[in-house]
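A closer look at the structure
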Amino acid sequence: MAEHGADSEAPQRRVGMNKEQQNGTFADPASLSERKQKDREERLSLVLWKRPRITLQYFFLETLIDLKEWTIKLWQRRGMVLSILLLLACLTLAYYTEGTHQKYVQYLEKKSMWCAYWVGLGILSSVGLGTGLHTFLLYLGPHIASVTLAAYECNSVNFPEPPYPEKIICPDEEGLEAGAISLWTIISKVRLEACMWGAGTAIGELPPYFMARAARMSGAEPDEEDYEEFEEMLEHTQSAQDFASRAKLAVQNMVQKVGFFGILACASIPNPLFDLAGITCGHFLVPFWTFFGATLIGKAIVKMHIQKLFVIITFSKHIVEQMVSLIGAIPGVGSSLQKPFSHYLEAQRAKLHHKAGEAALASENWLSWVFEKVVLIMVCYFICSIVNSMAQSYAKRIQQRKYSEEKIK
């Protein structure tokens with residue numbers, strides 16, 4: 001009987017152990033992977049247009065946690081924070097004190113705000129927080145195009161300041177030679193804002209690098225799906241068949257084997273997989289200045305000159321005229337499409353010759369109206385994506401807390 005009791009208890013212990021394995025940390029890898037996949041799908045469903053109430057609730061809770069973490073970090077670095085506050089106090093005193101230095105203060109203020117504006121747009125374009133705001137298409141590209149059109153129309157780039165850069169007006173210059181505007185002249189005019197935007201995109205590439213580096217040095221499990229995907233890619237290096245996987249492997253191999261010049265090559269061309277380069281550098285503990293230096297040179301200098309050349313050539317005077325004439329050649333709808341484009345270009349030329357003190361032109365073209373609405377929609381979508389991303393981050397905190405509690409049990 002005792003033996004029979006002991007034998008009957010053994011299956012019960014095995015059943016209990018199986019339940020513990022299913023619910024705890026000893027679960028088999030397949031079931032754990034399925035559970036993580038379900039959790040990921042549940043997090044991705046947490047968006048404003050599907051679950052608005054809980055998404056906003058999680059967003060505010062994640063915001064409070066982030067504020068608390070940043071407050072603790074600032075307190076730990078209170079010496080540096082105090083030094084920055086003292087420097088700001090000195091600058092404020094110099095700003096409000098009258099004297100001959102005010103013209104230099106105003107110049108520095110103008111340049112600093114202009115640079116900070118473009119650096120901020122560059123960061124927004126690459127850092128993402130769920131999805132990047134395409135600020136090159138929305139801001140920098142149109143700015144370069146406007147300067148290009150104005151340069152050819154005014155036959156000069158010495159636009160009066162003010163109102164430039166807020167508004168472009170042709171200068172009062174006589175005796176300008178026709179065709180005096182060169183490609184290099186326009187490139188030089190927009191170099192500062194383009195390089196600052198490129199520097200902002202380089203700064204925006206740092207979070208994947210720091211995330212992967214911290215995960216590798218601490219030995220902790222990765223918190224980001226991109227890093228998990230990178231780990232899986234390393235495990236299945238030889239079995240990759242599809243084009244996307246091979247492209248990712250090519251980027252990873254180039255960065256890992258070539259080093260500085262591999263990072264520079266990846267950063268110097270429009271590359272949607274560059275996040276993977278940052279993760280690769282962080283994972284293999286590439287030195288910070290090697291990664292950031294190559295990224296900064298590639299994005300702020302090489303890539304930006306390529307993009308500037310493309311926009312300037314596209315919007316040069318003869319190319320624009322050819323594009324408008326080609327639109328008119330479209331059968332059936334060509335003439336109706338050509339008319340608003342022609343009116344828009346004529347209105348822009350008239351604005352360039354508008355002098356200070358004259359009545360402002362009140363004509364509004366539907367193309368500019370549409371562009372403004374597109375910009376507004378994209379900015380709203382970007383804000384929504386930030387809310388969704390932060391809400392999903394809080395949901396992941398809850399899921400990770402459950403995993404931790406199960407491991408303890």
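These numbers were taken from a predicted model, which means no experiment stands behind them. (Residues numbered from 1 in each chain as written. Predicted model: local features only at pLDDT ≥ 70, side-chain atom pairs only at ≥ 80, totals over all residues. Heavy atoms only, no water.)

1. Looking at the nonpolar core
Counting 25 residues, the largest nonpolar core has Leu140, Val147, Phe159 and Trp197 as the members making the most contacts within it. Elements represented by at least two residues in this core include exactly helix 5 (102-127), helix 6 (135-154), helix 7 (183-189), helix 8 (191-204) and helix 14 (288-314). The element that contributes the greatest number of residues to this core is helix 6, accounting for eight residues. Not counting residues within four places of it along the chain, the set of residues in contact with leucine 140 comprises Trp118, Thr135, Glu193, Ala194, Trp197 and Met304. Leu206, Val255, Cys266 and Val286 belong to the second-largest nonpolar core, a separate cluster that totals 13 residues. (Core = buried A, V, L, I, M, F, W, Y, C linked by side-chain atoms within 4.5 Å. Buried < 20%, exposed > 50% of the residue type's maximum accessible area, 1.4 Å probe, protein only. Helix = DSSP H or I, 4+ residues; strand = E, 2+ residues; numbered from the N terminus. Contact = heavy atoms within 4.5 Å.)

2. A word on the packing of aromatic side chains
Any pair of aromatic rings gets described here by the distance separating the centres and the angle formed by the planes. Inspection of every chain in the model, using the stated rule, returns 16 aromatic pairs. Taken together, a centroid distance of 5.1 Å and an interplanar angle of 75° make the contact between tyrosine 117 and tryptophan 118 edge-to-face. Judged by its relative accessible area of 2%, tryptophan 118 is buried. Between phenylalanine 159 and tyrosine 164, the aromatic rings sit 5.5 Å apart at their centres with planes inclined by 40°, giving tilted as the arrangement. Just as phenylalanine 159 is buried, tyrosine 164 falls in that class too. Taken together, Tyr209, Phe210, Phe288, Trp289, Phe291 and Phe292 form an aromatic cluster joined through their ring pairs. It is lysine 73 that lies over the ring of tryptophan 70; its NZ or CZ is 5.3 Å from the centre. Here the basic side chain of arginine 78 rests over the ring of tryptophan 75, its NZ or CZ set 4.5 Å away from the ring centre. (Phe/Tyr/Trp six-rings, centres within 6.5 Å; stacked < 30°, edge-to-face > 60°. Lys NZ or Arg CZ within 6 Å of the ring centre and 35° of its normal.)

3. Some remarks on the confidence of the model for the chain
Close reading of the predicted structure is inappropriate where its pLDDT is low. When pLDDT is averaged along the chain, the result is 75, and 73% of the positions lie at 70 or above. Note on residues 1-6: pLDDT under 50 across the span, and zero contacts to partners over four residues away in sequence or across chains. Here residues 359-363 is a poorly scored stretch, pLDDT under 50, and it has five contacts once near neighbours within four places are set aside; other chains count. (pLDDT = per-residue confidence, 0-100.)

4. Some thoughts on helix 3 (residues 52-76)
The periodicity of an α-helix, 3.6 residues per turn, causes residues three or four places apart in sequence to face the same way. Given a rise of 1.5 Å per residue, 25 residues ought to cover 36 Å, and the 36 Å separating the end C-alpha atoms of helix 3 matches this to within 8%. The complete set of buried residues in helix 3 reads Ile54, Thr55, Tyr58, Phe59 and Glu62. (Expected span 1.5 Å × (residues − 1).)

5. Here's the deal with the environment of leucine 149
Mapped onto the elements of the fold, leucine 149 is located in helix 6. For leucine 149, a relative accessible area of 26% puts it in the partly exposed group. Measuring from C-alpha to C-alpha, the distance between leucine 149 and isoleucine 312 comes to 8.7 Å, with 163 residues separating the pair along the chain.

6. Description of the pattern of salt bridges
For the structure on display, the rule yields four salt bridges. For lysine 299, the salt bridge is made with glutamate 205, and the minimal N-O distance between the two is 3.8 Å. Of this pair, lysine 299 sits in helix 14 while glutamate 205 sits in the loop between helix 8 and helix 9 (206-218), and the two are 94 residues apart along the sequence. According to the relative accessible area criterion, lysine 299 is buried, its value standing at 6%. Beyond isolated ion pairs, a larger network of salt bridges with shared partners links Glu62, Asp66, Glu69 and Arg397. (Salt bridge = Lys/Arg side-chain N within 4 Å of Asp/Glu carboxyl O.)

7. A word on the state of the cysteines
Considering all chains together, one arrives at one disulfide under this definition. The partner cysteine of cysteine 154 in its disulfide is cysteine 170, sulfur to sulfur 1.8 Å. In this structure, the disulfide formed by cysteine 154 and cysteine 170 twists by about -70° around the S-S bond and is classed as left-handed. With cysteine 154 in helix 6 and cysteine 170 in the loop between helix 6 and helix 7, this pair connects stretches of sequence that are 16 residues apart. (Disulfide = S-S within 2.5 Å.)

8. Describing the packing of helix 12 (residues 260-267) against helix 14
The N-to-C vectors of helix 12 and helix 14 enclose an angle of 35°; their axes lie 8 Å apart at closest approach. Regarding helix 12 and helix 14, the two cross each other, and that crossing is right-handed. Judged by residue contacts, Phe260, Ile263, Leu264 and Ala267 of helix 12 engage Thr290, Phe291, Gly293, Ala294, Thr295, Ile297, Gly298, Lys299 and Lys303 from helix 14. Looking at the contact of helix 12 with helix 14, its residues break down into seven nonpolar, four polar and two charged. (Axes fitted to C-alpha atoms, helices over the stretch in contact; angles between N-to-C directions. Left-handed = near helix turned anticlockwise from the far one by under 90°. Nonpolar A, V, L, I, M, F, W, Y, C, P; charged D, E, K, R; others polar.)

9. Some points on the environment of threonine 148
Locating threonine 148 in the fold gives a position in helix 6. Taking the relative accessible area as the measure of exposure, threonine 148 reaches 0% and is therefore buried. Taking the C-alpha atoms as reference, threonine 148 lies 9.4 Å from lysine 189; in sequence the two are 41 residues apart. If near-sequence neighbours (up to four positions away) are discounted, threonine 148 is found in contact with Ile186, Ile312, Phe315 and Ser316.

10. Quick notes on the UniProt feature "transmembrane region" (unreviewed entry) in the chain
Residues annotated in UniProt with the feature "transmembrane region" (unreviewed entry) correspond here to residues 79-96, 116-140, 254-270, 276-297, 309-330 and 374-395. For residues 79-96, the helix share is 100%, the strand share is 0%, and the end-to-end C-alpha distance is 26 Å. Helix makes up 82% of residues 309-330 and strand 0%. Its end C-alpha atoms lie 28 Å apart. (UniProt positions renumbered as here; feature names shortened; annotations may be inferred.)

11. Here's the deal with unusual backbone geometry
In this structure, asparagine 155 takes a positive phi of about 60° despite not being glycine. Residue position: asparagine 155 is located in the loop between helix 6 and helix 7.

12. So, the side chain of serine 268
By the element assignment, serine 268 lies in the loop between helix 12 and helix 13 (274-283). At a separation of 2.6 Å, a polar atom in the side chain of serine 268 contacts the main-chain carbonyl oxygen of leucine 264. Once residues lying within four places of it in the same chain are set aside, the contact partners of serine 268 are Gly298, Val302, Lys303 and Ile306. (Polar contact = N/O pair within 3.5 Å; in protein donor to acceptor, adjacent residues only side chain to side chain.)

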